[in-house]
Amino acid sequence: MGNQLSIPYLPLFVKKNLKYFPQPTTLPHSGVIAPVNIFLMTRTPTLFRQPRLGPLFFAGYFLFLCFPVLAQNPARYTLSGYVSDAESGERLIGATLFAQTGAQGTVTNTFGFYSLTLPATDSLRVVVSYVGYQTESFLVPLRENQALNIPLSASAMLKEVEIVGERYERIEERAQMSRIDVPIEQIKKVPALLGEKDVLKALQLLPGVSGGGEGQAGIYVRGGGPDQNLILLDGVPVYNASHLFGFFSVFNTDAIKDVSLTKGGFPARYGGRLSSVIEINLKEGNEKEFHGEGSIGLVASRLTLEGPIQKGKSSFIVSGRRTYIDVLARPLIKKAFESDGGTGKTGYYFYDVNAKVNHRFSDKDRVYLSFYTGRDKFYLDLTERNDFGGNTSEYTVNSGLGWGNVTTALRWNHLLSPKLFANTTLTYSRYNFNTSAGSTDRTTFINESPQESIFSLNYFSGIDDVAAKLDFDYSPNPNHLIKFGANAIYHTFHPGEFTTRIRDSQDSLDINTKLGQPDVNATEFAAYVEDDWKATNRLRLNYGLHFSGFSPEEKTYVSLQPRFNARYLFDGGWALKSAFSTMRQYIHLLTNESIGLPTDLWLPTTARIKPQDSWQVALGLAKTLGKNYEFSVETYYKEMSNVIAFREGASLFQFSDWQGRVTQGDGRGYGAEFFVQKKTGKFSGWVGYTLSWAYRKFPELNLGREYPYKYDRRHDFEIVGTYKFNPRVQLSATWVYATGSATTIGTSKYQQPDPGSGRQYYSFYTTTDTPIRNNFRQPGYHRFDIGVDFTKQKRRYERTWSFGAYNAYNRKNPFFIFLSEKSEYKDGQYVQTTSLKQASLFPVIPYFAWSFKF
Amino acid sequence: MYKLLFLFIIACGLTSCSEDFFDQTIDIDPPAYDKQLVAHALASNLDSVFTLPLTRNFGILEQTPDSGWAVNNALVQIYEDGQLKLVAPPALNGGQWYSVPLPPGFFQSGKSYELRASHPDFTTISARQIMPSPFQIDSAAYRENAGISGDGTKLSAVDVYLKDQAGVKNFYVITVDGLSPELTPYFDQLGNFLGYDTTGFYFNSIYPETAEDPNVRLAAGRAFAVSDQFFDGQAYKLSFRTYYQYGGYSQYRAHVWSVTEDYFLYVVSAQRKYDAGDLPLTEPVTVHHNVEQGLGIFGLGWEEVRDVQ
């Protein structure tokens, strides 16, 4: 295949827009190189030639001091605009533009924007590519700044055309390492528990990521803790990403456009967490046509609607999901209550709603408003009535458990110049957990006023964030892409509050008290600057500084964190990559790592509790094998300090001062990750293998000695594959293996002086010896999931039947280990036997779902 | 048709499963362990007898008869600065206690003492400690009003004012006994009751309540323990706070030890493990041991005693 595409005609809409070229005579000749699907915007040359930086002057000045390479060349012009999906108008993140004239390239940012400044030419050949889309090649004259929006067609829409210059940013070209992009379509194909497609569970299948316990949606990256992942939904942090005690994540895949995971080599724009950044971007909504999709599954149903509000200018998307086990079980529960002489209801459900609207006010301004809310709720309402000789009594129990997140983001994209893109974001994020338990006992005797006693207990905890963020992308020339910005977050922590009401009309008792710890407010702020610099054709660097600070009530912490990524390209396409990054985290999570309890408590750094810090180095090789197989091997070493953990003997269910229940120490992890990924074609998927070690060392835990981290997994292996037999049938399968989690089990039992007895009067009790924390390895975890989709195009919609099985060969994977004691009467005496048991959670679980798309 | 066939195959597959196919609890092998001797002892300068309970451990799934813990016919020895000084006679009648009388002031400050216990069926265990230095108690007093506990109960305290030695890592443990007089009635020659004589005292080891100083830890043996890292070289008030005894004791006896670091770590961790026993989802506790090739603790402490009214 050559580098040229021969197309005998120009599409009509391209011809219509040729008038916008300032020098139409420079257009490519038909039959040699033709533009395909190009839409040319107005050129707005005046503004672009004399960019008015206004208040950004000082920031610009700083950049010019830092990066002398930014000096302007008057003979250069800028080609800028957006790359989008031709069908829906969705902006494409990470699409690659490559100017073959001069061999320079760039990549679209989170909003699909690109900017490429090149020497003036009459005929600039640009190749635009994006995974899963048809690569486009076209010629443009570059005699002045050009604004050019480029729609790409999905590869499924391809007709028989010869593709030229297939060229997108390959893994070996990126300076940044330890970042994995998983196409959302691929995530949707991964077989899932009960058919609920899940982003976080798909990320668990990547090397370097452990998933915690059986069925859990937790994420443990390179030996890090569950609180060390920055999960951003449209740029807003999500604090608790779990539904149903961690078995599902809160992200509805139908509403998601793009997912990426960064495990190390963090660019300077990221901060606030030690171990990973998971960026999830919601779809913007189809701005050309109204569409919808949905599904009915075993536990939940989903519906997503999207369409234009004003064609080509604004669009919306609304997506919702709800479980209905409670609804289906309601008649049975009602009957059960009635058989016990009462009435009432009990159940559990969760729901989530995503909504997003965007509007393009001008070629330079676009505003996005996105909203997410999700909540889990358990409820029990029970009433028992008794009538005895005209006297009546009524006993009512009401209790509930609820937790959930709300996030809102208002984002304004503004093009200050063809080289300078600005995004202003205002966000609100809230996570809260509340539980209530109450009872009312009302007794009425004949001719007497009723007697009533009330008891209620409510608990509330959570975190609220209000944040503002300003981010800039500056592309002075193709060799530099500079990002800089600043943000501030105002946190309000609710560490836990109890409200108790006790009232008894007979004893004239009325207590209404509020106990707990006061709210804590803190401001977190950060600023960063980073440069992605193509130093030579072989050497590419991404370096920068991240400055952050945190001000709880009594103290201010600040930190300057250098970041560095480098790539050196060898002959033969092999790239050697290295990275160094330091990170700081100011907020901490008190959680039980065994199961995803909603009692997660986010707490701030205080004068007593220090911020967490880490540094990480990584070294790796990367290459695209053949045409489609991305291969990488990475080694890393990470050290963390002031990691938080419960003290020995502490429990989640103690309600004393949280600072007294935690302790801080160090952690370290190192390992190697191997990854081969194929993103396109009939067969797609990946194979990953991780060899790793993860340790913790706390002065107050395990007698100050280092011990293996709970999710220290020596081997972690995963295969994910999807094969599309034809447009109607698709088979997916995953197989995972991981070394068992480390847990603490007594190795022997012995007699010890009873701590409760005084020295004079020894008594003994039997206890177990645990020579080291996490001394026991649970059996290895492995699982095979399989799913098949049957898709059929109906007259007005496309429907898919999905069948599959989670844990297809019914592996009994460990959920937890416990000692079981049993007493049996045998041969005239009681015999007590003890055994070590492993409890598993999920046997083979088949699933099916019906989904549709129109 | 093929759908029905598919369902039929699935149904056949499930019905042919073994009985425990859906049983989600299975037995697994326990961790391997070494059969070891277990010893626990704290010796002080005031002791007249050295006593060591010597037992053994068992695998967590093994059945253990009550008499199975004791290890008879072991050889228990105490070495001082590498010289054998004492040999405890074998425990008799299946007992686990090894006792040997001590000459007055046997354990001397600054000297190294090693405990060894050997038995043909076990690997010999040993633990070595250096006797801590004497320390100075300035005074001790009883305080009736020492605050209110979390459940609203009145607290009292025995306060011991000590002077810590600078530049040395010291660890203090305090226990308090309540003394009740042992009253013996006396009579005249005709047998008429005249009154009581105090002929001795009953000792009651008092339970500690929450400490006033957050650096003070609850410790095994109804004790409080504290490290001098928070008051190195300074005067320090070591308080033993307890529930106020209505009616009270006639007097209190405070025992204060300057103990070895090993013993300090043991009493604190053993107590923490004991406290955590009943709480759900508690974090595991590792108990400190210093017995090599075995389990348990051999600690030394310089002991001072003060009686307060």
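Residue indices begin from 1 for each chain and proceed along its sequence in written order. All chains are assigned letters beginning at A, and all ligands numbers beginning at 1, according to the order in which they are written. Totals for whole chains, interfaces and linings use every residue, but because this is a predicted model, local features are given only for residues with pLDDT of at least 70 and side-chain atom pairs only at 80 or more, for both listing and counting.

Asker: Please explain the nonpolar core as it appears in this structure.
Answerer: Most often, soluble globular proteins have nonpolar side chains that are buried together. Any set of buried Ala, Val, Leu, Ile, Met, Phe, Trp, Tyr and Cys residues joined through C-beta atoms within 7 Å is what this text calls a nonpolar core. Note on burial: count the other C-beta atoms lying within 10 Å of the residue's C-beta; 20 or more is buried, 12 or fewer is exposed, in between is partly exposed, and C-beta positions come from the backbone. Core analysis: the largest hydrophobic core is formed by 79 residues, its most contacted members being Val199, Leu203, Leu232, Ile256 and Ile280 of chain A. Under the scheme used here, helices are H or I runs from DSSP no shorter than 4 residues and strands are E runs no shorter than 2 residues, and both carry numbers assigned from the N terminus. Broken down by element, this core gets its largest block of residues, five residues, from strand E35 (residues 629-646) of chain A. We call two residues in contact if the C-beta atoms placed from their backbones are at most 7 Å apart. Apart from residues no more than four positions distant in its own chain, Leu203 of chain A is found in contact with Val209, Ile219, Leu261 and Ile278 of chain A. In this structure, Phe122, Ala146, Val158 and Leu218 of chain B belong to the second largest nonpolar core, which totals 72 residues.

Asker: How do you make sense of the interface of chain B and chain A when you look at a structure like this?
Answerer: You'll often see interface size given as the accessible area lost when the parts meet. On the chain A side, the residues contacting the 44 residues of chain B number 49 residues. For the side of chain B that touches chain A, the secondary-structure elements that each account for two or more residues are strand E1 (25-27), strand E2 (37-44), strand E3 (49-56), strand E4 (58-59), strand E13 (193-205) and helix H2 (261-276) of chain B. Broken down by element, the side of chain B that touches chain A gets its largest block of residues, eight residues, from H2 of chain B. The class makeup of the residues in the side of chain B that touches chain A is 25 nonpolar, 13 polar and six charged. Strand pairing requires that DSSP identify at least two bridges connecting the strands. Across three bridges, strand E48 (residues 829-839) of chain A lies against E1 of chain B in antiparallel orientation. Note on E1 of chain B: the bridge partner recorded for Ala839 of chain A is Thr25 of chain B. Three classes are used, and their members are as follows: Ala, Val, Leu, Ile, Met, Phe, Trp, Tyr, Cys and Pro are nonpolar, Asp, Glu, Lys and Arg are charged, and the others, Gly among them, are polar.

Asker: I'm lost on the pairing of strand E21 (residues 342-362) of chain A in this one. Help?
Answerer: A regular strand carries its side chains on alternate faces of the sheet. Residues and elements named next belong to chain A. Bridge analysis of strand E20 (residues 314-323) against E21 gives nine bridges, and the strand direction is antiparallel. Across the sheet, residue Ser314 finds its bridge partner in E21, namely His359. Note that E21 and strand E22 (residues 365-388) share 20 bridges and pair antiparallel. In the strand pairing of E22, Gly347 is matched with Tyr379.

Asker: Could you clarify how one ought to interpret the sheet that holds E48 of chain A in this entry?
Answerer: Hydrogen bonds between backbone atoms are what pair the strands of a sheet, whose relative direction is either parallel or antiparallel. With antiparallel pairing, the three strands of this open sheet are ordered in space as E47(A)-E48(A)-E1(B). Every interior strand has two partners, whereas the edge strands, strand E47 (816-826) of chain A together with E1 of chain B, have only one. The average undirected angle you get between the axes of adjacent strands in this sheet is 45°. Axes, fitted as lines to C-alpha atoms, cover a helix only where it is in contact. Angles between the N-to-C directions of the axes lie from 0 to 180 degrees.

Asker: Explain the confidence of the model for chain A to me, please; I cannot follow it from the model alone.
Answerer: Should the pLDDT be low somewhere, the predicted coordinates at that spot are not to be read in detail. Residue and element names in this part refer to chain A. With 86% of its residues at a pLDDT of 70 or more, chain A has an overall mean of 82. pLDDT is a per-residue confidence score from the predictor, ranging from 0 to 100. Note on residues 1-72: pLDDT is under 50 here. Beyond four places in sequence and across chains, it has 102 contacts. Predicted confidence for residues 157-167 stays below pLDDT 50, and this span has 25 contacts to residues more than four positions away or in other chains.

Asker: Please clarify how the confidence of the model for chain B should be interpreted in this entry.
Answerer: Residues and elements named next belong to chain B. Averaged over all residues, the pLDDT of chain B equals 87, while 90% of them reach at least 70. Within chain B, the lowest mean pLDDT, 59, falls on helix H1 (residues 2-15), and the highest, 96, falls on strand E9 (residues 122-130). Two summary scores accompany this predicted model of the complex, namely pTM at 0.81 and ipTM at 0.89.

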